[in-house]
Amino acid sequence: MNPINLSQSTTQIMPVNHPNDLPAVLTALSLEKRRPTLVLVGGASKLSPGDFEKVETLFLKVLAPLAQELGLAVVDGGTDAGIMRLIGQARKTIGGTFPLIGVAPLGLVNLPNQPALSGDSAPLEEHHTHCLLIPGDQWGDESPWIATVASTLASGLPSTAILINGGEVTWKDAQSNVEVKRKVVVVDGSGRTADILADAIAGYEVSDQRARPLVDSGFLNSLDLNQSVEHLTAQIRQFFTT
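Analysis parameters
- Residues numbered from 1 in each chain as written.
- Predicted model: local features only at pLDDT ≥ 70, side-chain atom pairs only at ≥ 80, totals over all residues.
- Heavy atoms only, no water.
- Axes fitted to C-alpha atoms, helices over the stretch in contact; angles between N-to-C directions.
- Helix = DSSP H or I, 4+ residues; strand = E, 2+ residues; numbered from the N terminus.
- Left-handed = near helix turned anticlockwise from the far one by under 90°.
- Contact = heavy atoms within 4.5 Å.
- Nonpolar A, V, L, I, M, F, W, Y, C, P; charged D, E, K, R; others polar.
- 1 Å grid on protein atoms, 1.4 Å probe; cavity = no way out; pocket = protein on both sides within 12 Å on 5 of 7 lines; lining within 4 Å.
- Points joined across faces, edges and corners; volume = space filled by probe spheres on them.
- Pairing = 2+ DSSP bridges.
- Salt bridge = Lys/Arg side-chain N within 4 Å of Asp/Glu carboxyl O.
- Expected span 1.5 Å × (residues − 1).
- Buried < 20%, exposed > 50% of the residue type's maximum accessible area, 1.4 Å probe, protein only.
- Right-handed = clockwise from strand over helix to strand, strands pointing away.

*Asks:* It is not clear to me how the packing of helix α4 (residues 143–154) against helix α5 (residues 168–179) should be interpreted in this structure. Could you clarify?
*Replies:* Close contact between α4 and α5 brings their axes to 8 Å; oriented N to C, the two are set at 35°. α5 is crossed by α4, and the crossing has right-handed handedness. Two secondary-structure elements touch here, α4 through Ser 143, Pro 144 and Ala 147 and α5 through Val 169, Lys 172, Asp 173, Ser 176 and Asn 177. Of the residues assigned to the contact of α4 with α5, the class counts are three nonpolar, three polar and two charged.

Okay, structure coming up:
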């Protein structure tokens, strides 16, 4: 079992066919050491310029520095879009060395020097250290895999998901993390799915009935995007140090 060797990519890319194969795959990628793990789900669409700047600051001033400070592994969808691009760029900007692991459907990834497999496919984000290519050809096929990869990496150490903005797939991401009993921190003020869930957490009536069972699970918390960098950092840190 060897990583895919692509001359123009610094990301170690490995296919994985079954969740039972994950320990061996992570070992082959030198990721066998268990680490506290941060999961990033959601998106960055339909934000005003001001709100996008706040989300960008969250990655650059809070999430990437915390991952570096606490030695976290970070797991996301791995493609060059939205929050995955933001965490990749933030890691590069701060000179981060923490593992940044993408998990994406094999049928939807544009690999360097290889033809696209689908009109919906996307390239990988170049600053990710690793990418696991899982079976699938629909966006959302990766959701349960992201949750399982994070659990395997953490192996009992703290792990938390941060949910930012997001569309339809983000509902599946939230459910997948709740099913493995992972705390999901919803970033209120980041838009779309995150704001619907934040309203439900606050007790407001919401039109999307998918919110209520997620909130009733007890695994959702909310975080106000408009708080200071220092306050956001302190709030997120506590999920990994208590």
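*Asks:* What's the story with the layout of surface pockets in this structure? I'm lost.
*Replies:* If a probe as big as a water molecule is rolled over the atoms, it shows which places are left empty. A volume near 420 Å³ is recorded for the largest pocket. Lining the largest pocket are 23 residues, and of these Gly 42, Thr 79, Met 84, Glu 142 and Val 169 lie nearest its centre. Those elements giving two or more residues to the lining of the largest pocket turn out to be β2 (37–42), α3 (82–94) and α5. Residue composition of the lining of the largest pocket, by class: eleven nonpolar, eight polar and four charged.

*Asks:* How should I be thinking about the sheet that holds strand β10 (residues 220–224) in this particular structure?
*Replies:* Pairing between the strands of a sheet is mediated by backbone hydrogen bonds and can be parallel or antiparallel. Strand order across the open sheet formed by eight strands is β1-β7-β4-β3-β2-β8-β9-β10, with parallel pairing between neighbours. Looking at the sheet topology across the chains shown, the edges are occupied by β1 (12–15) and β10. Strand after strand, the sheet turns through a mean of 25° between neighbouring axes, direction not considered. By the bridge criterion, five bridges tie strand β9 (residues 183–188) to β10 in an arrangement that is parallel. The residue bridging Asp 188 from the neighbouring strand is Asp 224, located in β10.

*Asks:* Help me understand the pattern of salt bridges in this model?
*Replies:* Between side chains of opposite charge, a pair can form as their charged atoms come close. Applying the stated criterion across every chain, the model contains six salt bridges. For Arg 237, the salt bridge identified is with Glu 69, shortest N-O distance 2.8 Å. Separated by 168 residues along the polypeptide, Arg 237 in helix α8 (residues 229–241) and Glu 69 in helix α2 (residues 49–70) bring together distant segments of the chain. Of the charged contacts in the structure, one is a salt bridge between Arg 210 and Asp 208, with a shortest N-O distance of 2.8 Å.

*Asks:* Help me understand α8 in this model?
*Replies:* Every α-helix carries 3.6 residues per turn, so stepping three or four residues along brings you back to the same face. Taking 1.5 Å of rise per residue, 13 residues should cover 18 Å, and α8 covers 18 Å from first to last C-alpha, within 8% of that figure. Along its buried surface, α8 packs onto β2, α2, β8 (159–164), β9 and β10.

*Asks:* Can you help me understand the pairing of strand β4 (residues 100–105) in this one?
*Replies:* Along a regular strand, successive side chains alternate from one face of the sheet to the other. With six of its six residues buried, β4 lies for the most part within the structure. Side chains Leu 100, Gly 102 and Ala 104 of β4 all project onto a buried face; the interleaved residues Ile 101, Val 103 and Pro 105 project onto the opposite face, where all are buried too. Handedness of the β-α-β unit built from strand β3 (residues 73–76), α3 and β4 comes out right-handed. Pairing geometry for β4 and strand β7 (residues 130–134), over five bridges, is parallel. Bridge assignment links Pro 105 to a residue of β7, and that residue is Ile 134.

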